[in-house]
Amino acid sequence: MTSDIISKPLVTVTNVIWSYDHAKEQVVVLLVKKADEPFYNFWSLPETFLRATESADDAALRLIADKIGIQLNDYHTEQLATFSAVGRTKGDRHLALAYMTFLPDMPNVVAGAGALDVAWFTLKGAGTTYSLSNETTTIHLPEEKMSDADFYASPAVQNGAVQLAYDHELIIRTAVVRVRNKLDYAPTILHVLGAEFTLKGARSVFAPFLRLPSQAIDNSNFRKTHAHLFEETGAKKSVGKGRPAKIYRLK
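This text gives an overview of the structure that appears in the document.

What counts as what
- Residues numbered from 1 in each chain as written.
- Predicted model: local features only at pLDDT ≥ 70, side-chain atom pairs only at ≥ 80, totals over all residues.
- Heavy atoms only, no water.
- Helix = DSSP H or I, 4+ residues; strand = E, 2+ residues; numbered from the N terminus.
- Buried < 20%, exposed > 50% of the residue type's maximum accessible area, 1.4 Å probe, protein only.
- 1 Å grid on protein atoms, 1.4 Å probe; cavity = no way out; pocket = protein on both sides within 12 Å on 5 of 7 lines; lining within 4 Å.
- Points joined across faces, edges and corners; volume = space filled by probe spheres on them.
- Nonpolar A, V, L, I, M, F, W, Y, C, P; charged D, E, K, R; others polar.
- Core = buried A, V, L, I, M, F, W, Y, C linked by side-chain atoms within 4.5 Å.
- Contact = heavy atoms within 4.5 Å.
- Salt bridge = Lys/Arg side-chain N within 4 Å of Asp/Glu carboxyl O.

## Remarks on unusual backbone geometry
And then number 1: A cis amide bond links E37 with the next residue in sequence, P38, at an omega value of -5°.
And then number 2: For Y166, which is not glycine, the phi dihedral falls at a positive 55°.
And then number 3: Along the polypeptide, Y166 turns up in the loop between α3 (155-158) and α4 (168-181).
And then number 4: Under the relative-accessibility criterion, Y166 is labelled buried at 11%.

## Points about empty space enclosed by the protein
And then number 1: Scanning the model with the defined rule gives 1 cavity of 30 Å³ or more in all.
And then number 2: Its boundaries defined by the atoms lining it, the largest cavity holds a volume of some 30 Å³.
And then number 3: Around the largest cavity sit T12, E47, R88, T89, H94, Y166 and H168, which together line it.
And then number 4: Grouping the amino acids of the lining of the largest cavity by side-chain chemistry returns 1 nonpolar, 4 polar and 2 charged.

## Things to note about the layout of surface pockets
Unoccupied space between atoms shows up once a probe the size of one water molecule is rolled over them.
And then number 1: Quantified by volume, the largest pocket comes out at close to 340 Å³.
And then number 2: L199, N219, P244, A245 and K246 are, among the 13 residues lining the largest pocket, the residues nearest its centre.
And then number 3: Residue classes in the lining of the largest pocket are distributed as 5 nonpolar, 2 polar and 6 charged.

## Points about the nonpolar core
And then number 1: Grouped together as the largest cluster of nonpolar side chains are 49 residues, with contacts concentrated most on V16, W18, L31, I189, F209 and F230.
And then number 2: Filtering out sequence-adjacent residues up to four positions away, F209 remains in contact with W18, V27, L123, Y130, V176, V179, R180, L183 and I189.
And then number 3: With 17 residues, the next largest nonpolar core counts A59, L63, A115 and V118 among its residues.

## Some thoughts on the pattern of salt bridges
Any two side chains of opposite charge can pair, given that their charged atoms come close.
And then number 1: With the rule as written, the count across this model stands at 11 salt bridges.
And then number 2: Between D167 and R88 there is a salt bridge, with its nearest N and O atoms 2.6 Å apart. Taken together, the residues span a long stretch of sequence, with D167 in the loop between α3 and α4 and R88 in the loop between β5 (76-83) and β6 (94-102) at a distance of 79 residues. Taken as a pair, D167 and R88 share a single burial class, namely buried.
And then number 3: Note that D148 is salt-bridged to R173, the shortest N-O span being 3.3 Å.

This is how it looks when you write it as structure tokens:
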């Protein structure tokens, strides 16, 4: 007869932090460069160990202050998923409680404790794939046809030749797919635009998740198909030389 082994893993809270670059009209996600082992000098999602005196929700917000120096006043956060594969870490077993946070106006960030650097990476979608990029680095996310099990069994993961620390490529892919699947009924990603937005802004947020250029999303059809989600505020905003754009908010 065999006996069950009771595991007492470490628990980390990992946060996929979304925002929006208004100057470039691009959706961005925050990555930090690790200052410690394992995965020293690798880009990763902000994460922290869960303390005995706090909830996971509280830890998801605390790590933003600890890692990037932001005290949140205006935000929306939600749980994403739990990542508990046996092979996701070497040595001590770590479970990751993943969250998503939506920050308006792409705040300036500075590297905090445990980080060599911090940067916003632009989300891009084309064909069947997604990627993250900044001026010097491009990170390709796993294709959707790759299962979680196949990801952990892949040679890159087994040999430590991953693009991001741990399984953070998989966590971000999960976040992207979650956001995309909610676009037509609960587009919380629009919180990155703030409380109010134009339809052009909303289309530019939807576009990378749909793997389309924003100009490929017809404005009139977009307004009609999303009328159950958006409502006009009655205000307008001047954009370029054309007619002022109507301002909307989530219902």
